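Structural overview for review
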Number of protein chains: 2
Amino acid sequence: MTKYNPVTPQIADALRQIVGASNVILDEEKLEAYSHDETPKDQFSGMPEVIVTPTGTQQVADIMKLANAHLIPVTPRGAGSGLSGGAIPLHGGILMTINAIVADAGLFFAGYPMSLESCQIGGNIAENAGGGKAIKYGVTDRYITGMEVVTPTGDILKLGGKVVKDVSGYDLKRLYIGSEGTLGVVTSATIKLMPLPKAKTDLLVLFPDVQSAIEVVPMIVSKLGIVPTSVEFMDRLSVETSCKYLNEHLTYENCGSMLLIEVDGTTQDQVDGEAETIGDLCMENKAIEVYVADNYTTQERVWAVRRNIAEAFKLYSPHQSLEDIVVPIAQIPALMEEIAKLSAEFQISMPSYGHAGDGNLHTTLIKPPEMPLDQWYRLEDQVVRRLYAVVMALGGKLSGEHGIGIKRKDYYQEIADPREIALMRLLKKALDPNNILNPGKVFDLD
Amino acid sequence: MTKYNPVTPQIADALRQIVGASNVILDEEKLEAYSHDETPKDQFSGMPEVIVTPTGTQQVADIMKLANAHLIPVTPRGAGSGLSGGAIPLHGGILMTINAIVADAGLFFAGYPMSLESCQIGGNIAENAGGGKAIKYGVTDRYITGMEVVTPTGDILKLGGKVVKDVSGYDLKRLYIGSEGTLGVVTSATIKLMPLPKAKTDLLVLFPDVQSAIEVVPMIVSKLGIVPTSVEFMDRLSVETSCKYLNEHLTYENCGSMLLIEVDGTTQDQVDGEAETIGDLCMENKAIEVYVADNYTTQERVWAVRRNIAEAFKLYSPHQSLEDIVVPIAQIPALMEEIAKLSAEFQISMPSYGHAGDGNLHTTLIKPPEMPLDQWYRLEDQVVRRLYAVVMALGGKLSGEHGIGIKRKDYYQEIADPREIALMRLLKKALDPNNILNPGKVFDLD
């Protein structure tokens, strides 16, 4: 294992030389704000020794060269909106904040993460972020045609470009996308934007229970041959909690769960037709009611409820585990059944919501208010372990879009194929021989 | 550089033990058929010492273990329909044929390569094959959700699965996709199929010259906000040659080039509306005539012309260089201008056709009938070199979908960023320490 060196006054001076004195922060109080991301702070945190804010690719390269030469770990960080602890400095060292936003051009970045109001594109790429439109538009990787990346040894690579197809050599871009900042630091990206759809309609469909909603999901594509823009699932507790948080009043009498289904297209007629067909399918399959949100205001209202669920649950209970499990779409009904069993067996609330159209659910384990913290941590570990076993047995994976980071690292190393982990270690060692860049994330080296 | 060992009678016996005697071929005459692919045989060929046909993943793993232990190179091969020499055994050794086809399930594999009648899925994955629907549906990588891959050292990895989103660890699948059989042998794949579109219409649009057709291409997405299924370009020579080959009679009086534009969707009304809008745009931008092909027979006729261009040119002149250049879409007009200049300067015919909607053109250098072969090879090298310089200057790449293989290896190594090649070498060495698997493709190791 690499023995890291501390950030000495000499190193701090060298950093000032690279990025300018005002972009080097050593003040303890300020450092504290960067010691965690959106994962629960009491479980996942780590203090950087210094924060640097480079303002160009060459500066990033110079920092990496310095760090690599002096064996100082570097953690890259975008907006810090991550949900798996990927941007938390585990071994002190340098925390390097990268600020990059997508310029507005009347088109749209179809990656569309749920955290779109706060996240940054560098973090999106590092995590290969997904979101609410993935069923139709895919996730971040589909839209990154080029990038500039700084390697752990301080080389600058320009990969891809404005070409939309390219098989000239290995697709190195894809190695960096989703590598959680462990293989390189992305400093610039060429993003393919899509024309804004000319028409869209949202359906909010109420179901009597969880299973009936979930069972409709695979039918939409397989029976109707329609690929919606979004198929979001929310169970009753998720809807209630978010509505309370937003002071919003959706009708959900008798409702056990909801699907929020969006279709978009080139004409309103086409979109209305598809929405109607989907609505009919839902009504033939136990739906209680289908509400149509065909104007911007109503659409924003229902989407706000969906987008704010995680935030609402955090307010309701800061002690929780926000999961990101993903299974083959046909297995969602079986998954939901198993989650209900786990919830009953361990007597904890496990609301589920998320991207049902992708088989990706944000099941959340909520600490019962009266339970002592140490007991909760043990229980959480037990339930998560059981949940992951269920997910793997159904052909699923631990994370659909949030990443492994530190939150899921131990479980991942236990449950994933050891040959797969061995291969990742081989790649990490080849590209980052001193294990300088974001060490201790995704998997351990030794 | 690895010094390889020959396939001795003992090795042949060991191979027979693994795959059965009938699946080991040593007969020289049969070997010859596997010494080339669809690149010109007189320029690109290499004899295998033995052909083996494994019938399962474990057999592939056993072959790789044997080869790795005895330092014998292995070349994997699908249908041999490749266009860059990727499946040609450069150093003798074992040629391993993998037969895998996509089962028909009423859905469609939207990768849709032009060679769909002959290619195989293993080759599609190795090359990350593109095709005629990439502008809307992307290429092979978008549809591979899982795969079984045998590493050069004989380990079997099962990556991904039936999940459509997955950020659990590095995306190792994507490292193998498009690696041209140099990093692993794909023995099985989980492919996401798409619902067949309910309606489609093709437009065959005649333009007076090359530039006017090419200038319309970027407008379709940017001005109309419509993403067609296909935007294929054919210059007059390409159309004439293919029509002659097929004994087909398309109207192309006064026509300098054609666009074949397909739109698909969920209703015929929507599709007709989009087709009409595109047709109008073309007519406002110098098109001579727009023909609508809205039934299967007519659609097949026009697509057959497009699909058979490469085959037709091969018959017309076996000595040619079929290129696969790709540039940013906005740069196609500038590219076509430069190609016209090169054609004039070197006095050779350089017809162009291909996936204009992706900026990917199969410009072909045709040997003048009277030119001696040795002179042609020198000239070809000169023109290709100039063409690639133009492409790179426009922000493009050497290959959009055919790969580097051996055909483009030397040029690629000269023109690509040396840091990028260095990184690929690092990966290749990490994953294939003895350089056993498909050595000498894409780049040289030393």
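Residues numbered from 1 in each chain as written. Chains lettered and ligands numbered in written order. Predicted model: local features only at pLDDT ≥ 70, side-chain atom pairs only at ≥ 80, totals over all residues. Heavy atoms only, no water.

Observations regarding helix H13 (residues 373-393) of chain B
All names here are of chain B. With 21 residues, H13 ought to run about 30 Å at 1.5 Å a step, and its terminal C-alpha atoms sit 30 Å apart, in line with that. Of the residues making up H13, those classed as buried are Trp-376, Leu-379, Glu-380, Val-383, Val-384, Leu-387, Tyr-388, Val-390 and Val-391. Across the axial projection of H13, the buried residues extend over an arc of 165°, all falling on one side. Seen from the open side of H13, the exposed residues pointing more than 90 degrees away from its buried face are Arg-378 and Ala-393. Along its buried surface, H13 packs onto strand S12 (320-322), strand S13 (325-326), helix H12 (332-346), strand S16 (364-366) and helix H14 (409-415). Backbone geometry just downstream of H13 places Gly-395 in the positive-phi region, at approximately 80°. (Helix = DSSP H or I, 4+ residues; strand = E, 2+ residues; numbered from the N terminus. Expected span 1.5 Å × (residues − 1). Buried < 20%, exposed > 50% of the residue type's maximum accessible area, 1.4 Å probe, protein only. Arc of directions from axis to C-beta. Contact = heavy atoms within 4.5 Å.)

Structural notes on the interface of chain A and chain B
It is common to give the size of an interface as the accessible area that goes away when the parts come together. Residue-level contacts link 74 residues of chain A with 74 residues of chain B. A combined buried area of about 5,600 Å² lies between chain A and chain B, and 63% of that area is made up of carbon and sulfur atoms. Area buried by chain A at its contact with chain B is led by Lys165(A), Val167(A) and Tyr170(A), which between them contribute 18% of it. In this assembly, chain A and chain B are joined by six salt bridges. (Buried area = accessible area lost by both parts, 1.4 Å probe. Salt bridge = Lys/Arg side-chain N within 4 Å of Asp/Glu carboxyl O.)

Points about the pattern of salt bridges
This model, assessed by the stated rule, comprises 50 salt bridges over all chains. A salt bridge links Glu32(A) to Lys41(A); the shortest N-O distance between them is 4.0 Å. Judged by its relative accessible area of 43%, Lys41(A) is partly exposed. For Asp171(B), the salt bridge goes to Lys173(B), with nearest N and O atoms at 3.3 Å. Under the relative-accessibility criterion, Lys173(B) is labelled buried at 11%. In this structure, a network of salt bridges that share partners links the residues Asp141(A), Arg174(A), Asp171(B) and Lys173(B).

Examining the sheet that holds strand S8 (residues 199-207) of chain A
Residue and element names in this part refer to chain A. With antiparallel pairing, seven strands are arranged side by side in an open sheet as S11-S8-S10-S9-S14-S15-S13. Both edges of this open sheet fall to strand S11 (289-293) and strand S13 (325-326), since each of them pairs with a single strand only. Here nine bridges tie S8 to strand S10 (residues 257-265), and the two strands are oriented antiparallel to one another. Among the inter-strand pairings, Thr-201 is bridged to a residue of S10, identified as Val-263. Contacting strand S9 (230-235), S10 and strand S14 (353-355), helix H8 (residues 236-246) crosses the sheet at an angle of about 90° to S9. (Pairing = 2+ DSSP bridges. Axes fitted to C-alpha atoms, helices over the stretch in contact; angles between N-to-C directions.)

A short note on a negative patch on the surface
A cluster of acidic side chains, namely Asp269(A), Asp272(A), Glu276(A), Asp280(A), Glu284(A), Asp294(A), Asp269(B), Asp272(B), Glu276(B), Asp280(B), Glu284(B) and Asp294(B), defines a negative patch on the protein surface. Only helix H9 (268-284) of chain A together with helix H9 (268-284) of chain B provide two or more residues apiece to the negative patch. Secondary-structure assignment places Asp294(A) in the loop between S11 and helix H10 (296-307). We classify Asp294(A) as partly exposed; its relative accessible area is 49%. (Patch = residues over 30% accessible without salt bridge, like charges linked within 9 Å, V, L, I, M, F, W, Y side chains within 5 Å. Areas by Shrake-Rupley, 256 points an atom, 1.4 Å probe, with all protein chains shown as cover. Lys, Arg positive; Asp, Glu negative; His and termini not counted. Charge placed at Lys NZ, Arg CZ, Asp CG, Glu CD.)

Considerations on the sheet that holds strand S7 (residues 185-191) of chain B
All names here are of chain B. Taken together, the three strands give an open sheet; going across it, the order is S6-S5-S7, and neighbouring strands pair in antiparallel fashion. At either margin of the open sheet sits one strand with a lone partner, and together these are strand S6 (156-160) and S7. The sheet shows a mean angle of 15° between the axes of neighbouring strands, direction not considered. As paired strands, strand S5 (residues 144-150) and S7 are joined by six bridges and run antiparallel to one another. Its bridge partner lying in S7, Glu-148 is registered against Ser-188.

Remarks on the environment of Ser212(B)
All names here are of chain B. As for its placement among the helices and strands, Ser-212 is situated in helix H7 (residues 210-224). Owing to a relative accessible area of 3%, Ser-212 belongs among the buried residues under this scheme. Distance in space between the C-alpha atoms of Ser-212 and Cys-282 is 9.1 Å, their sequence separation being 70 residues. Apart from residues no more than four positions distant in its own chain, Ser-212 is found in contact with Phe-207, Asn-285 and Lys-286. Among the polar contacts made by the side chain of Ser-212, one reaches the side chain of Asp-209 at a distance of 2.5 Å. (Polar contact = N/O pair within 3.5 Å; in protein donor to acceptor, adjacent residues only side chain to side chain.)

Considerations on a nonpolar patch on the surface
A cluster of nonpolar side chains, namely Tyr245(A), Leu246(A) and Leu315(A), defines an oily patch on the protein surface of about 290 Å² accessible area. Structurally, Leu246(A) is set in helix H8.

Quick notes on the relation of the copies chain A and chain B
In screw terms, the move from chain A to chain B is a rotation of 180° and a rise of 0.0 Å along the axis, fitting with an RMSD of 0.0 Å. What we have between these two chains is a two-fold relation. The residues that chain A uses at the interface reappear at the interface of chain B in 100% of cases, marking a shared surface. (Least-squares fit on C-alpha atoms with pLDDT ≥ 70 in both.)

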